[in-house]
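Each chain, written out:
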Amino acid sequence: MKVAYVIFAALLGLSASNAKRLVGKPSNQRDGNQGRVVGGEVAEVGFAKYQISLQGMFGGHMCGGAIISDRWVLTAAHCVFGYNPPYLRVITGTNVFYEPGATYEVQEYWTHCNYDNPAFHNDIALMLLTKPILFNERTQPISLPVKPLKDGDELILTGWGSTEFGSGLSENLMKLHTKFITYKKCYDSFDGEMPAMTEMLDVGHVCTFTRDAEGSCHGDSGGPLVSNGHLYGLVNWGMPCAIGLPDAHANVFYYLDWIRKVMSGNCRSCQCYASNYPFITKTRDVEEPIKV
């Protein structure tokens, strides 16, 4: 499942910002750049009860996401940024994105105030639904993390993205077992192969890697990365598809303060959050969140 975010940067010699204009967008059924998990396998029915398909009002899978309560869903900011909330639909309770178990409308969404500042950073969003999700044997929320990951921790990534570069969406939900690597290892991997891409990476990302030909791809954006029943990541970007470099995901543990403040309603404006919960700038040496 490697996300279509920076694919042509190296091939065409483009800057990160120009590469983003080419491929940094959600998938659509009518778009050739769609995708599914690369190197994964078909998930059994009910495997990822927290998984959602984010779609437009006329259907068509755009992104993944994760249910964290009866009215709140987490996804990547680039999946919703620029859309009017009434256009968006959240599909739950299914392993086949065009066969909804249930459909919910989006009342409002919040992207992180520093989304894309700098480019490719703080790529996380919260969606508030117009009505509560009905939980059942195929639809359940996923818990937020309570501690950071350790190097080598196993995670599961799920999504309807491409199984290879340029292919269409997977009809069935796919799953991939992968592993967490530290920020330093992730940084060094890109620094050795594609140094310009290190500017897109910071401690607000969770990186995963197992081997070449395993990873995320177009259509997996916003999808959940889970370990031991807790949500640790949301697919952000990578070098599609599974070409031997890590995938970068929004680090849910890092953004816990922001998530809780938005959900509580106590601090939803950018002015409020900037004055009370500023984020650190990029640093290569920090492994865990720091408040300043």
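Above this note sits the structure.
What this report covers is the structure whose coordinates are included nearby. As the structure is a computational prediction, the values presented were derived from the model and not from experiment.

### Concerning the overall build of the protein chain
Along the backbone of the protein chain there are six helices and 13 strands. Counting over 292 residues, the protein chain shows a buried share of 57%. Pairs at least 24 apart in sequence give 73% of the contacts found in the protein chain among residues at least 6 apart. Looking at the protein chain as shown, the accessible area adds up to about 11800 Å², and 49% of this sits on carbon and sulfur atoms.

### Quick notes on helix α5 (residues 256-264)
Taken residue by residue, α5 has Leu256, Trp258, Ile259 and Val262 as its buried positions. Relative to the axis of α5, the buried residues are bounded by an arc of 165° and lie together on one face. One or two residues past the end of α5 sits glycine 265, with phi positive at roughly 85°.

### Considerations on the state of the cysteines
A full pass over the atoms with the stated rule returns three disulfides. Note that cysteine 63 is cross-linked by a disulfide to cysteine 79, the S-S spacing being 2.1 Å. Taking the sign of the S-S torsion, about -85° here, the bridge from cysteine 63 to cysteine 79 comes out left-handed. Taken as a pair, cysteine 63 in strand β3 (residues 61-67) and cysteine 79 in helix α3 (residues 77-80) lie far apart in primary sequence, 16 residues in all. On the basis of relative accessibility, which here comes to 0%, the residue cysteine 63 falls in the buried class. Disulfide partner of cysteine 113: cysteine 270, at an S-S distance of 2.3 Å. Between cysteine 113 and cysteine 270 the sulfur-sulfur dihedral comes to about -100°; the bridge is accordingly left-handed. Taken together, the residues span a long stretch of sequence, with cysteine 113 in the loop between β6 (102-111) and β7 (125-129) and cysteine 270 in helix α6 (residues 270-276) at a distance of 157 residues.

### Comments concerning the nonpolar core
Counting residues in each nonpolar core, the largest one holds 45 residues, and the members touching the most others are Ile68, Leu74, Leu201, Leu231 and Ile259. Every element with two or more residues in this core is listed here: β4 (72-75), β7, α4 (183-193), β12 (230-237), β13 (247-251) and α5. Core analysis: the second largest hydrophobic core is formed by 20 residues, Tyr115, Met127, Leu129 and Ile133 among them.

### Some points on the environment of valine 262
The residue valine 262 is located in helix α5 in this model. Of the residues examined, valine 262 reaches a relative accessible area of 1% and is grouped as buried. Taking the C-alpha atoms as reference points, valine 262 and histidine 112, 150 residues apart in sequence, are found 9.8 Å from one another. Those residues in contact with valine 262 that lie beyond four places of it in its chain are Trp72, Trp110, Leu126, Cys267 and Arg268.

### Concerning the sheet that holds β4
In space, the six strands of this closed barrel follow the order β2-β3-β4-β7-β6-β5, with antiparallel pairing throughout. The mean angle between the axes of side-by-side strands here comes to 40°, regardless of whether they run parallel or antiparallel. In this structure, strand β5 (residues 88-92) lies alongside β6, joined through four bridges in antiparallel fashion. Within the sheet, the bridge partner assigned to isoleucine 91 lies in β6 and is threonine 103. Against the sheet, α5 makes contact with β4, β6 and β7, and its axis sits at roughly 25° relative to β7, the strand it touches most.

### A closer look at α4
For α4, every residue scored as buried is listed here: Tyr183, Cys186, Tyr187 and Phe190. All buried residues of α4 lie within an arc of 95° about the axis, which places them on one face of the element. Away from its buried face, by an angle of more than 90 degrees, α4 presents the exposed residues Gly192 and Glu193. Considering only its buried residues, α4 is in contact with β9 (174-181), β10 (205-208) and β12.

Criteria and thresholds
- Residues numbered from 1 in each chain as written.
- Predicted model: local features only at pLDDT ≥ 70, side-chain atom pairs only at ≥ 80, totals over all residues.
- Heavy atoms only, no water.
- Helix = DSSP H or I, 4+ residues; strand = E, 2+ residues; numbered from the N terminus.
- Buried < 20%, exposed > 50% of the residue type's maximum accessible area, 1.4 Å probe, protein only.
- Contact = heavy atoms within 4.5 Å.
- Areas by Shrake-Rupley, 256 points an atom, 1.4 Å probe, with all protein chains shown as cover.
- Arc of directions from axis to C-beta.
- Disulfide = S-S within 2.5 Å.
- Core = buried A, V, L, I, M, F, W, Y, C linked by side-chain atoms within 4.5 Å.
- Pairing = 2+ DSSP bridges.
- Axes fitted to C-alpha atoms, helices over the stretch in contact; angles between N-to-C directions.

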